[in-house]
Amino acid sequence: MGHAPAGNDGNFDERLKRARQKLDPRSGEFAVTDAGNDDSSMSSLGLAIRVGTDLVAGLAVGVAIGYALGHWFGYRALFLSVFALAGCGAGMLNVWRVLKDSDMVSGPKDDGRSQRGSRIDD
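In this text, all values refer to a predicted model and were calculated from it rather than measured experimentally.

Engineer: Even after reading the chapter, I still don't get the overall build of the protein, so can you show me in this structure?
Structural biologist: For the protein, the helix and strand inventory stands at three helices and zero strands. Reading the protein from its N end, one meets helices and strands in the order α-α-α. When the 122 residues of the protein are sorted by exposure, 11% land in the buried category. Accessible surface computed for the protein: about 10100 Å², of which carbon and sulfur atoms make up 60%.

Engineer: Mind showing me how you'd approach the UniProt feature "transmembrane region" (unreviewed entry) in the protein here?
Structural biologist: Under the present numbering, the feature "transmembrane region" (unreviewed entry) in UniProt falls on residues 47-69 and 75-96. Secondary structure across residues 47-69 comprises 100% helix and 0% strand; the distance between its end C-alpha atoms is 33 Å. Here residues 75-96 is 95% helix and 0% strand, with 32 Å between the C-alpha atoms at its ends.

Engineer: Honestly, helix α3 (residues 76-101) in this entry has me stumped. Any pointers?
Structural biologist: The α-helix winds at 3.6 residues per turn, so residues separated by three or four positions along the chain end up facing the same way. In this model α3 runs 37 Å from its N-terminal to its C-terminal C-alpha over 26 residues, within 8% of the 38 Å that 1.5 Å per residue would give. Of all the residues in α3, the buried ones are Phe 79, Ala 84, Gly 87, Gly 91, Val 95 and Val 98. Looking at the buried positions of α3, the neighbouring elements they touch are α2 (44-73).

Engineer: Got a minute to help me understand the pattern of salt bridges in this structure?
Structural biologist: Opposite charge on two side chains permits pairing when their charged atoms draw close. Counted under the stated rule, the structure contains one salt bridge. Here Arg 50 makes a salt bridge to Asp 54, at a shortest N to O gap of 3.9 Å. In this pair, Arg 50 and Asp 54 both sit in helix α2, four residues apart, roughly one turn of the helix. Under the relative-accessibility criterion, Arg 50 is labelled partly exposed at 39%. Given a relative accessible area of 17%, Asp 54 falls into the buried group.

Engineer: Is there a simple way to think about the packing of α2 against α3 in this case?
Structural biologist: Two quantities define a packed helix pair, namely the angle between the helix axes and the distance between the axes. Two elements in contact, α2 and α3, have axes separated by 7 Å at closest approach and are oriented at 160°. Between α2 and α3, the interaxial angle falls into the category roughly antiparallel. Considering how the two elements wind past one another, α2 and α3 form a crossing that is right-handed. Its residues placed into classes, the contact of α2 with α3 shows 18 nonpolar, eight polar and three charged.

Engineer: Any chance you could explain the packing of aromatic side chains here in plain terms?
Structural biologist: Aromatic ring pairs are defined here through the distance separating the ring centres and the angle between the ring planes. Per the stated rule, a full pass over the model turns up three aromatic pairs. An aromatic cluster of at least three residues, connected via ring pairs, comprises Trp 72, Phe 73, Phe 79 and Phe 83.

Engineer: Explain the environment of Cys 88 here, please?
Structural biologist: Mapped onto the fold, Cys 88 is located in helix α3. By relative accessible area, which is 29% here, Cys 88 ends up partly exposed. Among residues more than four places away in sequence, those in contact with Cys 88 are Gly 58 and Leu 59.

Scoring rules and cut-offs
- Residues numbered from 1 in each chain as written.
- Predicted model: local features only at pLDDT ≥ 70, side-chain atom pairs only at ≥ 80, totals over all residues.
- Heavy atoms only, no water.
- Helix = DSSP H or I, 4+ residues; strand = E, 2+ residues; numbered from the N terminus.
- Buried < 20%, exposed > 50% of the residue type's maximum accessible area, 1.4 Å probe, protein only.
- Areas by Shrake-Rupley, 256 points an atom, 1.4 Å probe, with all protein chains shown as cover.
- UniProt positions renumbered as here; feature names shortened; annotations may be inferred.
- Expected span 1.5 Å × (residues − 1).
- Contact = heavy atoms within 4.5 Å.
- Salt bridge = Lys/Arg side-chain N within 4 Å of Asp/Glu carboxyl O.
- Axes fitted to C-alpha atoms, helices over the stretch in contact; angles between N-to-C directions.
- Parallel < 35°, antiparallel > 145°, perpendicular 65-115°, else oblique.
- Left-handed = near helix turned anticlockwise from the far one by under 90°.
- Nonpolar A, V, L, I, M, F, W, Y, C, P; charged D, E, K, R; others polar.
- Phe/Tyr/Trp six-rings, centres within 6.5 Å; stacked < 30°, edge-to-face > 60°.

So this is what it looks like as structure tokens:
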């Protein structure tokens, strides 16, 4: 029914291992894996909750600091607006770091190609 391998090819498991090695050389037995702290295994719901929490927490901390300093120094509107903007910026920076680490944001690859596949220096 099928084609039998030659006698020197070995058993199926060895041939499968060689085929996988050809397809992805990094998946061999010497591949480095970080099973304990892998952000790429984060689910979409977990990522969405973390992004929302980071935005809200940054804004809340900024508003709280601005309110406290404004109440203490007497310039409530100034401190509240400045620290609310700073908290919003800090929240967005945290979101950017989370998305960058989870490969949601793609930049130039190591081979010198952009996201569309053309050379960057062309």
